[in-house]
Amino acid sequence: MSNITIIIKTFQRLKSLECLLKSIEDQKLNNIPIIILDDSRENYKDAILEKFSKLNINYIVTEFDIGLSKGRNILLEHVKTDYIISVSYTHLTLPTSDL
């Protein structure tokens, strides 16, 4: 098991989230736990879990627009590792990124 978890709070940004997850997948970071909290109006959970089934994703759906701070606090409650990487859906990891 990895000692690090990637946490992502997202809101109404399916395409950006897909790009971020694709960049993580391309780095072969399949064993790192990823926790996504989504408070979008639409539920993207099934589409994301199906498309990125190789990744270790825990996808949390909450009520609409709970806010960034509350969302990140909920994410932190679900972390089981010593370290976290908190990324925005606007970030990408590159092959030269050292995670």
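Everything here concerns the structure above.
Now for a quick tour of the structure.

What counts as what
Residues numbered from 1 in each chain as written. Predicted model: local features only at pLDDT ≥ 70, side-chain atom pairs only at ≥ 80, totals over all residues. Heavy atoms only, no water. Pairing = 2+ DSSP bridges. Helix = DSSP H or I, 4+ residues; strand = E, 2+ residues; numbered from the N terminus. Axes fitted to C-alpha atoms, helices over the stretch in contact; angles between N-to-C directions. Buried < 20%, exposed > 50% of the residue type's maximum accessible area, 1.4 Å probe, protein only. Contact = heavy atoms within 4.5 Å. Arc of directions from axis to C-beta. Core = buried A, V, L, I, M, F, W, Y, C linked by side-chain atoms within 4.5 Å. Right-handed = clockwise from strand over helix to strand, strands pointing away.

Spatially, 4 strands are ordered 3-2-1-4 in an open sheet, and the strand pairing comes out parallel. Of all strands in the sheet, those with a lone pairing partner are strand 3 (56–61) and strand 4 (83–88), marking the two edges. Between one strand axis and the next, the sheet turns by 20° as a mean value, whatever way the strands run. In the sheet, strand 1 (residues 4–10) pairs with strand 2 (residues 33–38) via 5 bridges, with the strands oriented parallel.

Located in the positive-phi region is Gln12, a residue other than glycine, with phi close to 60°. Residue position: Gln12 is located in the loop between strand 1 and helix 1 (14–26). A residue is classified by how much of its surface remains accessible, and Gln12, at 32% relative accessible area, is partly exposed. The phi dihedral of Asp65 is positive, around 55°, even though this residue is not glycine. Looking at the element boundaries, Asp65 is found in the loop between strand 3 and helix 3 (68–78). Judged by relative accessible area, Asp65 falls into the partly exposed class, the value being 45%.

Relative to the helices and strands, Pro33 resides in strand 2. Spatially, the C-alpha atoms of Pro33 and Asn58 are 7.6 Å apart, while their sequence positions differ by 25 residues. Contact partners of Pro33, with chain neighbours within four places excluded, come to Ser2, Ile4, Thr5, Ile6 and Asn56.

Listed as buried for helix 3 are Gly71, Ile74 and Leu75. Burial along helix 3 is one-sided: seen end-on, the buried residues are contained in an arc of 105°. Every exposed residue of helix 3 that faces more than 90 degrees away from the buried side is listed here: Ser69 and Glu77. For helix 3, the elements touching its buried residues are strand 1 and strand 2.

A few words now on the nonpolar core. Of all hydrophobic cores here, the largest spans 16 residues; its most connected members are Ile8, Leu21, Ile34, Ile36, Ile48 and Ile57. The set of elements that each furnish at least two residues to this core consists of strand 1, helix 1, strand 2 and strand 3. Among the elements that take part in this core, helix 1 stands out by supplying 4 residues, more than any other. One finds Ile7, Ile35, Ile60 and Ile66 within the second-largest nonpolar core, a separate group that totals 8 residues.

Turning to the pairing of strand 2, a few remarks are in order. Counting buried residues along strand 2, 6 of its 6 residues qualify, which places the element largely inside the surrounding structure. Side chains of strand 2 alternate between two faces, with Pro33, Ile35 and Leu37 and Ile34, Ile36 and Asp38 buried alike. Note that strand 2 and strand 3 share 6 bridges and pair parallel. When the sheet's bridge partners are listed, Ile36 is paired in strand 3 with Tyr59. Of the crossover connections in this fold, the one passing from strand 2 over helix 2 (residues 45–51) to the parallel strand 3 is right-handed.

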